[in-house]
Amino acid sequence: MLEAVAGWVPGRPVRNEELPAEWGVDDAWVRTRTGIAGRHRAGPGVSTGDLAYEAARLLLPGDADGGDDNRGDDRAGAGVGTGARVGVGTGVGAGAGEGFLAADASAAGAAVDAVVLATATPDHPCPGTAPALAARLGLGPVPAFDIGAVCSGFVYGLAVCRGLVGSGLYDRVLLVGADVYSTLLDPRDRASGVVFGDGAGAALIGVGGPGDPGELLAFDLGSDGAGYDLITVAGGGARDRARPRAADGAPAREDTYFRMRGRAVYQHAVERMTASCRSLLTTVGWDPAEVDHFVPHQANARILRAVAQRVGIGERRCVTHLDRVGNTGAASIPLALADAAVRGRFRTGDRVLLTAFGGGLTWGTAVLRWPAVDMRAAVPPERTACRPGPVTCRPLNSPTTESPREGKEHDAESRPGRRERAVRRTGRGDRARGGDPRGR
């Protein structure tokens with residue numbers, strides 16, 4: 001079951017007005033084509049592991065620190081306390097950042113048995129980034145490994161973590177989705193430069209029972225390697241290094257920048273995520289009108305709208321965060337979940353549909369019930385924007401016009417009464433989609 005989720009974005013936002021003049025774009029141009037108003041960029045020397053550490057430590061007791069001083073400069077304090085800890089960092093220079101968290105109070109102080117990191121921008125080709133992350137967090141010799149499913153990585157990671165817990169191998173797994181795409185972007189590539197941002201999101205996956213809040217009900221995962229060249233970083237891997245050398249003996253290296261064939265990716269993303277959502281909703285017996293919240297990978301606004309419309313989910317039930325952070329890769333879904341949670345958008349037991357698409361090609365969809373999250377803040381008031389008393393908090397510099405229950409008010413579409421349908425878990429198809437009678 002999902003126990004907690006947190007997010008971290010580095011530095012201050014880079015607004016559309018601050019994009020390079022040579023790109024020839026303005027705020028209206030970018031918003032119209034992508035729905036993005038700003039994105040965050042990691043500072044010099046700051047890596048994926050650094051952002052993953054900031055997001056993950058929000059979920060761990062106190063100020064988790066394994067004693068490793070080899071960190072980037074993008075560090076800033078986050079609120080701490082029992083239950084939910086919501087905060088906004090106020091560091092200086094490259095050290096500023098925003099952190100936000102929603103947690104089941106019962107998860108506070110709980111031991112972590114394993115670490116899974118989903119990323120397309122690891123700190124090094126070898127070794128993986130997850131073991132170093134576990135060490136920095138002071139988790140000891142726990143198993144730790146990376147997942148390379150690009151923007152689908154967090155959904156793939158949820159399925160892997162659920163399997164690790166559901167099998168009885170571990171009681172609690174830390175899942176992190178983190179990417180620093182700014183390290184891969186060609187400074188001349190306007191199309192990618194306006195879209196991608198840097199960030200990290202983290203979640204705790206633990207043991208639960210059928211029907212429990214936070215239950216991860218089922219998954220639908222897929223890939224199509226025939227489209228591997230649609231989203232690529234061609235250089236830097238074994239295939240690049242195995243290329244024949246040039247006549248002068250110098251290595252003939254591939255392009256080391258991120259490249260994406262936008263039109264083809266748009267078509268595949270919409271088709272694959274739509275089909276995956278429809279298939280999984282059928283598996284768990286949910287009508288689209290019964291979905292309380294739809295949280296797609298935050299690629300761009302056009303893709304989000306197209307998938308939601310095809311699945312049959314109205315705009316008010318779509319959770320979006322990309323307007324403020326852009327496309328953050330594997331971090332986009334946990335960042336959107338954490339942001340929506342601190343805004344008071346979710347209620348215990350709400351039905352949530354997640355879907356993602358990324359390079360590979362890969363795609364994945366998950367359905368879950370929102371956990372019993374305690375949103376009372378325990379952070380200094382100057383660090384948050386809160387209402388007095390037992391409060392619901394939101395990150396600073398966020399819009400103030402959003403209703404705490406925006407998105408819960410459904411569209412004009414009719415909605416059947418709330419009823420629990422038995423999840424069909426017989427047959428090969430259900431096993432492939434991850435049905436688990438234990439509800440883990």
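Numbers given for residues are sequential positions, taken from 1 along each chain in its written order. Local features in a predicted model are, by the rule used here, given only for residues with pLDDT of at least 70; side-chain atom pairs are given and counted only at 80 or more, and totals for whole chains, interfaces and linings are based on all residues. For side-chain calculations, the full set of non-hydrogen atoms in the structure is used, while hydrogens and water are omitted.

Turning to the overall build of the protein chain, a few remarks are in order. Note on conventions: DSSP H or I runs of at least 4 residues are helices, E runs of at least 2 residues are strands, and numbering of each starts at the N terminus. Scanning the protein chain from N- to C-terminus turns up 11 helices and 17 strands. Taken over 440 residues, the protein chain has a buried fraction of 56%. Excluding contacts between residues fewer than 6 apart, the proportion of contacts in the protein chain whose partners are at least 24 apart in sequence is 76%. Carbon and sulfur atoms make up 51% of the accessible area of the protein chain, which amounts to about 17800 Å² in all. Burial status follows relative accessibility: with a 1.4 Å probe on protein chains alone, a residue under 20% of its type maximum counts as buried, one over 50% as exposed, and anything between as partly exposed. The contact criterion used is simple: two residues touch if any of their non-hydrogen atoms lie within 4.5 Å. Working definition of accessibility: Shrake-Rupley area with a 1.4 Å probe, residue cover restricted to the visible protein chains.

Turning next to the side chain of Thr-362. Assignment of secondary structure puts Thr-362 in strand β15 (residues 362-369). Only 3.0 Å separates the side chain of Thr-362 from the side chain of Ser-152, close enough to count as a polar contact. Those residues in contact with Thr-362 that lie beyond four places of it in its chain are Ala-149, Ser-152, Tyr-156, Gly-222, Ser-223, Ala-356 and Phe-357. Any pair of N or O atoms that falls within 3.5 Å is considered a polar contact. Within protein, one atom must be able to donate a hydrogen and the other to accept it, and sequence-neighbouring residues count only if both atoms are side-chain atoms.

So, on to the sheet that holds strand β13 (residues 293-296). Here a strand pair is declared whenever DSSP counts at least two bridges between the two strands. Judged by pairing direction, the sheet is mixed, and its four strands sit side by side in the order β10-β15-β14-β13 without closing on themselves. Each having just a single partner strand, β10 (216-223) and β13 make up the two edges of the open sheet. Adjacent strand axes in the sheet meet at a mean angle of 10 degrees, parallel and antiparallel pairs treated alike. Relative to strand β14 (residues 351-358), β13 runs parallel, the two being bridged by four bridges. Helix axes are fitted only over the stretch in contact, all axes being lines through C-alpha atoms; the angle between N-to-C directions runs from 0 to 180 degrees.

This next bit is on the pattern of salt bridges. A pairing counts as a salt bridge when a side-chain nitrogen of Lys or Arg comes within 4 Å of a carboxyl oxygen of Asp or Glu. Throughout the structure, instances matching the rule amount to 15 salt bridges. Here Asp-339 ties to Arg-343 by a salt bridge, and the two come within 2.9 Å at their closest N and O atoms. Like Asp-339, the residue Arg-343 is buried in the burial classification. Overlapping salt bridges bring together Asp-186, Arg-188, Asp-255 and Arg-259 as one network.

Centre distance within 6.5 Å is the pairing criterion for rings of Phe, Tyr and Trp, where only the six-membered ring of Trp is used; planes under 30 degrees apart are then read as stacked, over 60 as edge-to-face, and the remainder as tilted. In this structure the tally under the stated criterion is four aromatic pairs. Positioned above the aromatic ring of Tyr-53, the side-chain terminus of Arg-136 is 4.6 Å from the ring centre. Criterion for a charge above a ring: Arg CZ or Lys NZ at most 6 Å from the ring centre, at most 35 degrees from the ring normal.

Moving on: unusual backbone geometry. Following Cys-126, the chain continues to Pro-127 via a peptide bond in cis, the omega torsion being 0 degrees. Locating Pro-127 in the fold gives a position in the loop between β6 (114-118) and α3 (130-136). The linkage connecting Gly-360 with the following residue, Leu-361, adopts the cis geometry, with an omega of -5 degrees. Tracing the sequence through the fold places Leu-361 in the loop between β14 and β15. In the Ramachandran plot, Val-150 falls in the positive-phi region, its phi being about 55 degrees despite a non-glycine side chain.

Moving on, we come to the pairing of strand β8 (residues 172-180). Counting buried positions along β8 yields nine of nine residues, so the element is predominantly enclosed. By the alternation rule, side chains of β8 split into Arg-172, Leu-174, Val-176, Ala-178 and Val-180 and Val-173, Leu-175, Gly-177 and Asp-179, which are all buried.

This paragraph deals with the environment of Arg-136. As for its placement among the helices and strands, Arg-136 is situated in helix α3. In this structure the side chain of Arg-136 is engaged in a polar contact, spanning 2.9 Å, whose partner is the side chain of Asp-50.

Here we come to helix α2 (residues 48-57). Counted residue by residue, α2 has 10 buried out of 10 residues, so it is predominantly covered. Every buried residue of α2 is listed here: Thr-48, Gly-49, Asp-50, Leu-51, Ala-52, Tyr-53, Glu-54, Ala-55, Ala-56 and Arg-57. Among the structural elements, β1 (2-10), β6, α3, β8 and β9 (198-206) are those in contact with the buried residues of α2.

The next subject is the confidence of the model for the protein chain. Of the residues in the protein chain, 72% have a pLDDT of 70 or more, and the chain-wide mean is 79. Confidence scores labelled pLDDT are given residue by residue by the predictor and lie between 0 and 100. Across residues 376-440, where pLDDT falls below 50, the model places 161 contacts with residues more than four positions away in sequence or in other chains.

A few words now on the pairing of β15. Buried residues dominate β15, accounting for eight of its eight residues. Across the two faces of β15 the burial is the same, with Thr-362, Gly-364, Ala-366 and Leu-368 and Trp-363, Thr-365, Val-367 and Arg-369 all buried. Both β10 and β15 contribute to a ladder of seven bridges, which runs antiparallel. Bridging from a neighbouring strand, Asp-220 pairs with Thr-365 of β15. Across eight bridges, β14 lies against β15 in antiparallel orientation. Considered in β15, the bridge of Val-352 is made with Leu-368. Hairpin connection of β14 to β15: three residues between the antiparallel strands, including Gly-360 at a positive phi of 140 degrees.

The topology assignment puts Arg-259 in strand β12 (residues 259-260). A C-alpha to C-alpha distance of 8.9 Å links Arg-259 and Asp-229, two positions 30 residues apart in sequence. Of the polar contacts made by the side chain of Arg-259, one reaches the side chain of Asp-186; its length is 2.9 Å.

Further remarks concern the packing of helix α7 (residues 262-284) against helix α8 (residues 301-311). The interhelical angle for the contact between α7 and α8, taken along N-to-C directions, is 35 degrees, at an axis separation of 9 Å. With respect to the hand of their crossing, α7 and α8 are arranged in right-handed fashion. Here Tyr-266, Ala-269, Val-270, Glu-271, Met-273, Thr-274, Cys-277, Arg-278 and Leu-281 of α7 come into contact with α8, specifically with Arg-302, Ile-303, Ala-306, Val-307, Arg-310 and Val-311. If you view the pair so one helix is near and one far, a crossing is left-handed when the near helix is turned anticlockwise from the far one by less than a right angle, and right-handed when it is turned clockwise.

On to helix α4 (residues 153-166), then. The span you would expect from a helix comes to 1.5 Å times its residue count less one. Taking 1.5 Å per residue as the helical rise, α4 with its 14 residues ought to reach 20 Å, and the 19 Å between its terminal C-alpha atoms agrees with that figure. Of all 14 residues in α4, 12 are buried; the element is thus mostly enclosed. Those residues of α4 that fall on the buried side of the exposure criterion are Gly-153, Phe-154, Val-155, Tyr-156, Gly-157, Leu-158, Ala-159, Cys-161, Arg-162, Leu-164, Val-165 and Gly-166. Positioned one or two residues after α4, Gly-168 has a phi angle of 85 degrees, which is positive.

In this structure, Phe-294, Leu-353, Phe-357 and Val-367 are the most contacted members of the largest nonpolar core, which totals 44 residues. Where this core is concerned, the elements lending two or more residues are β10, α7, α8, β14 and β15. Take this core: its biggest share by element is eight residues, from α7. In contact with Val-367, not counting residues within four places along its chain, are Glu-215, Leu-216, Leu-217, Ala-218, Leu-280, Val-284, Trp-286, Val-352 and Leu-353. Core analysis: the next-biggest nonpolar cluster, separate from the first, contains 38 residues, Leu-164, Val-165, Ile-333 and Phe-346 among them. The definition of a nonpolar core used throughout is a set of buried Ala, Val, Leu, Ile, Met, Phe, Trp, Tyr and Cys residues joined through side-chain atoms within 4.5 Å.

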